[in-house]
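# Report on the structure
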Amino acid sequence: MTLKQMFQRTSRMDLFEFGEKRLAQLRAEGRYSCYRNTRATLRKLSDFLDGAPLPLGKATPALIAQFRTYLTDTVGNSHNTVAENLKTLSHLFTLAGVAKNPCQGVSLPRIQRPRNFLQQDELARLMAVRLKTGSPMDTARDIFFVECRTGLRISDLLQLRWSAYDGASLRVQMQKTGRPVAVPVTASVRETLEKYRTLFSGPQSLVFPVLEHVKGRSDEFSPERRLVYGTAHVNLLIKRVAARAGIGKNVSTHVGRHTFATMLLSKGASIYDVKELLGHQDVKVTQVYAHLLDGRKRELVEMLE
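Residues numbered from 1 in each chain as written. Predicted model: local features only at pLDDT ≥ 70, side-chain atom pairs only at ≥ 80, totals over all residues. Heavy atoms only, no water.

## Notes on the packing of aromatic side chains
Applying the stated criterion to the full structure yields five aromatic pairs. Aromatic pair Phe-48 and Tyr-70: ring centres 5.3 Å apart, planes at 45°, arrangement tilted. Here the residue Phe-48 occupies a position in helix α3 (residues 32–48), and Tyr-70 occupies one in helix α4 (residues 61–75), the gap between them amounting to 22 residues. When its relative accessible area of 19% is taken as the criterion, Phe-48 is described as buried. Taking 6.3 Å as the distance between ring centres and 20° as the angle between the ring planes, the aromatic pair formed by Phe-67 and Tyr-70 counts as stacked. With Phe-67 and Tyr-70 both in helix α4 and three residues apart, the pair spans about one turn of that helix. A single burial state applies to Phe-67 and to Tyr-70, both of which are buried. Every member of this aromatic cluster is reached through a ring pair, and the members are Phe-48, Phe-67 and Tyr-70. (Phe/Tyr/Trp six-rings, centres within 6.5 Å; stacked < 30°, edge-to-face > 60°. Helix = DSSP H or I, 4+ residues; strand = E, 2+ residues; numbered from the N terminus. Buried < 20%, exposed > 50% of the residue type's maximum accessible area, 1.4 Å probe, protein only.)

Here is the structure:
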């Protein structure tokens, strides 16, 4: 039986009542990100309505438009945050089986912002910052460097175990997509990884000892929550290293993945090769990096002269 069949009610059913059922299902499935986004959206909507109930049949496009304005003008959410909240709300109405989704025509498309990445000289400056070997900042920088050289996400690197490394490649089942990928390891990455082998060398031991030190509540979301906290911890530290290196860009762990892609493209790799290395299922996802080739187009054309 589908969720829609399980929870379908008349138009008098309260959206928040349905929302609680949806949250319960997300908890049971251990889907922390979806749970967190849905809960945040419902809380904002409840604040907007001053705690009043909202029967499904009373939700109108006009009301959703007012909620959209509230998120922007009162809450101060960014365009993409508002877009995500409205997308979550629209999904709730769809799951509830409403005849006409009030979010249609009101929801916002996400704005695809330029991808932030480091140039080769910036990465070199970052790696040249003097740090105590084995310190938290040193580990955060090493994780970032491996991202820049493998394209792996922070969620995959934080869960990386020695059993996934054979000295030549890293074999990972991606946290986000569930897709297995094998990423070749360069000499510089091999040197970075070997630095940690003396700390945790068992096959099932984590390569980078970050999650071992993350505290969290013991519940069904514990693994996902630890990943969120671990990522935030590494992000904070890598920003500090970037500041020491005099890099004015907003550097985060995902910038390492962008750096990997843009460096490959700038060296002449095809978008399809980069797609496979990043583990994207659709080349359209990878094509967001294509604009970074604009500066190289003239160089390529000039080669014909």
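Okay, back to it.
## A look at the nonpolar core
Counting 45 residues, the largest nonpolar core has Leu-126 and Phe-144 as its most contacted members. Listed by contribution, the elements that provide at least two residues to this core are α6 (120–128), α7 (136–150), α8 (154–158), β1 (169–173), β2 (180–184), α9 (187–194), α10 (222–244) and α11 (253–266). Apart from the residues within four sequence positions on either side, Leu-126 is in contact with Leu-118, Arg-141, Phe-144, Ile-238, Val-241, Ala-242, Ala-245 and Ile-247. Counting residues in each nonpolar core, the second largest holds 28 residues, with Phe-48, Leu-54, Leu-89 and Ala-96 among its members. (Core = buried A, V, L, I, M, F, W, Y, C linked by side-chain atoms within 4.5 Å. Contact = heavy atoms within 4.5 Å.)

## Let's talk about the packing of α4 against helix α5 (residues 79–96)
At a minimum axis separation of 10 Å, α4 and α5 run at an interaxial angle of 150°. Relative to α5, the element α4 lies roughly antiparallel. Regarding α4 and α5, the two cross each other, and that crossing is right-handed. Side by side, α4 and α5 meet where Ile-64, Phe-67, Arg-68, Leu-71 and Thr-72 of the first sit next to Val-82, Asn-85, Leu-86, Leu-89 and Phe-93 of the second. (Axes fitted to C-alpha atoms, helices over the stretch in contact; angles between N-to-C directions. Parallel < 35°, antiparallel > 145°, perpendicular 65-115°, else oblique. Left-handed = near helix turned anticlockwise from the far one by under 90°.)

## Some words on the pattern of salt bridges
Summed over the entire model, instances satisfying the criterion amount to seven salt bridges. As a salt-bridge pair, Glu-29 and Arg-31 come within 3.1 Å of each other at their nearest N and O atoms. Ionic pairing is found between Asp-138 and Arg-141, a salt bridge with its closest N-O pair at 3.4 Å. Taken together, the residues Asp-138 and Arg-141, both in helix α7 and three residues apart, mark about one turn of the helix. Judged by relative accessible area, which is 3%, Asp-138 ranks as buried. Salt bridges linked by common partners bring Asp-138, Arg-141, Asp-142 and Lys-195 together as one network. (Salt bridge = Lys/Arg side-chain N within 4 Å of Asp/Glu carboxyl O.)

Shape is all these values report; function is a separate question.
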